[in-house]
Amino acid sequence: MTIPAQPRAQDNAAQNHLTIPAAWYHAPEFYEAEREKLFFSEWQLFCHEALVEKPGQYVAYTLAGRPLLVLRGKDGQLKAFHNVCRHRASMVLKEGVGTTQVLRCMYHGWVYDTDGQLAKAPGFGGDEKDLCERTHLFNIHVKSVSGLVFICMAENPPPFEKALGGLVAALQGSGIEGFKFFSTASHPMKCNWKTYIENYMEGYHIPVIHPELNKDVDFNTYKVIVGDRIARHETGIRPERADVAQNSGLWVWLWPNVAINIYKNGMNLEIVMPTGPETTELRYCYLFRDVSEAAREENQRAIDLSFLVTQEDVDIVEIVQKNLSAGVYHVGELSPRHENGVVYFHDLVRGIHAK
Ligand code: FES
Ligand SMILES: [Fe+2]
């Protein structure tokens with residue numbers, strides 16, 4: 001079927017920036033290129049260190065189709081492996097967060113120590129000692145800074161400092177080092193990871209999509225400051241809501257897929273993990289200054305608002321995704337007043353596909 005000739009957005013768009021093309025949000029070749037050139041090649045923020053504080057604590061998440069495992073070893077060091085057993089390729093540990101003293105594969109029960117070395121292959125037969133000596137989980141690189149754990153799947157990782165960009169400076173004074181773990185949450189979405197991220201990159205939709213959040217935010221002061229791989233959203237809070245507003249108005253995004261949302265009493269680390277060309281898993285980790293029973297209700301109020309806002313965002317990005325795939329829309333124009341963050345994100349995405 002062909003679509004009748006329509007005026008094209010770019011015909012009248014000499015001044016304004018255009019979006020990246022719709023095909024980049026659904027065609028498998030663009031997803032494959034982003035997996036290879038970005039998610040498998042660069043440093044990626046994987047989880048908060050609060051989830052892997054004590055020996056044996058682990059996080060098993062899948063990033064861009066690769067199951068990964070980060071854990072605190074018996075020696076107190078962070079370790080990271082591909083969560084793939086060297087026997088017949090099962091995941092060693094089930095996806096999720098937990099504590100274990102040994103890494104016992106869920107399929108035939110091979111046991112790896114927390115360094116990734118095979119320690120036992122029960123009932124295997126033959127020379128088990130020799131098998132153990134030459135069998136190790138696939139290592140990946142891991143580093144942490146300010147309680148944020150990064151991994152890199154490349155054999156020779158690019159410079160870590162460059163990957164952090166302006167993140168550490170942007171978070172200075174936010175108090176995130178003092179926050180303690182409260183809870184995690186996960187939201188599956190039917191959209192490309194970029195559809196969700198670019199929704200995050202602008203406050204333009206807040207008055208329309210987020211009526212509750214909009215009660216707190218002074219939209220006239222809203223701005224997004226971009227550069228050095230980060231975007232910082234800053235907004236004033238309406239004076240009449242100063243006492244009850246949960247959001248402190250500091251939200252920081254780090255290229256490509258991470259946001260750190262600072263609340264009045266805590267934060268949410270938000271990691272947008274692609275799972276397919278048109279599917280994405282949103283991973284949340286909530287931390288608060290006070291995680292005692294006395295603060296539970298107040299903390300829960302911040303999470304309830306976060307869930308409400310997330311649901312509103314997920315609903316709209318899934319609608320947008322349908323239209324990006326429907327074959328009618330090709331590119332659109334971006335607001336010079338409100339969508340500079342989207343322009344910045346698109347420029348970085350273009351850089352990946354130009355490689
Ligand atoms: S696949 Fe892991 S023990 Fe067989
Ligand atoms: Fe939103």
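About the cut-offs
Residues numbered from 1 in each chain as written. Chains lettered and ligands numbered in written order. Predicted model: local features only at pLDDT ≥ 70, side-chain atom pairs only at ≥ 80, totals over all residues. Heavy atoms only, no water. Domains from an automatic or database assignment. Buried area = accessible area lost by both parts, 1.4 Å probe. Salt bridge = Lys/Arg side-chain N within 4 Å of Asp/Glu carboxyl O. Polar contact = N/O pair within 3.5 Å; in protein donor to acceptor, adjacent residues only side chain to side chain. Nonpolar A, V, L, I, M, F, W, Y, C, P; charged D, E, K, R; others polar. Axes fitted to C-alpha atoms, helices over the stretch in contact; angles between N-to-C directions. Helix = DSSP H or I, 4+ residues; strand = E, 2+ residues; numbered from the N terminus. Left-handed = near helix turned anticlockwise from the far one by under 90°. Contact = heavy atoms within 4.5 Å. Pairing = 2+ DSSP bridges. Buried < 20%, exposed > 50% of the residue type's maximum accessible area, 1.4 Å probe, protein only.

Novice: Describe the domain arrangement of the protein, naming the residues involved and giving the relevant values.
Specialist: Each assigned domain of the protein is listed with its residue range as follows: domain 1 (52–140) and domain 2 (162–354). A C-alpha centroid distance of 33 Å is found between domain 1 and domain 2. Around 520 Å² of area is buried between domain 1 and domain 2 when both sides are counted, 63% of it from carbon and sulfur atoms. At the junction of domain 1 and domain 2, the tally comes to 1 salt bridge. Notably, a salt bridge pairs arginine 283 with glutamate 95, separated by 2.6 Å at the nearest N-O pair. In this assembly, domain 1 and domain 2 are joined by 2 residue pairs in polar contact (both at pLDDT 80 or more). Tallied by class, the residues present in the side of domain 1 that touches domain 2 amount to 3 nonpolar, 2 polar and 1 charged.

Novice: Provide a residue-level description of the packing of helix H5 (residues 193–200) against helix H9 (residues 340–354), including the pertinent values.
Specialist: Their axes nearest at 9 Å, the elements H5 and H9 cross at an angle of 145°. As for the relative orientation of H5 and H9, their crossing is right-handed in sense. Taking contact as the criterion, the partners of Trp193, Lys194, Ile197 and Glu198 in H5 are, on H9, Val342, Phe345, His346 and Val349. Within the contact of H5 with H9, the residues separate by chemical class into 5 nonpolar, 1 polar and 2 charged.

Novice: Help me get a handle on the sheet that holds strand E6 (residues 103–104), residues and values and all.
Specialist: Reading across from one edge, E6-E7-E8 is the order of the 3 strands in this open sheet, with antiparallel pairing throughout. Of all the strands in the sheet, the pair left with one neighbour each is E6 and strand E8 (118–120). The pairing of E6 with strand E7 (residues 111–112) spans 2 bridges and is antiparallel. Each bridged residue has a counterpart across the sheet, and for arginine 104 the counterpart in E7 is valine 111.

Novice: Any details on H5? Residues and values, ideally.
Specialist: Turn by turn, an α-helix covers 3.6 residues, leaving residues three or four places apart pointing in a common direction. Of all 8 residues in H5, 8 are buried; the element is thus mostly enclosed. For H5, the full list of buried residues reads Trp193, Lys194, Thr195, Tyr196, Ile197, Glu198, Asn199 and Tyr200.

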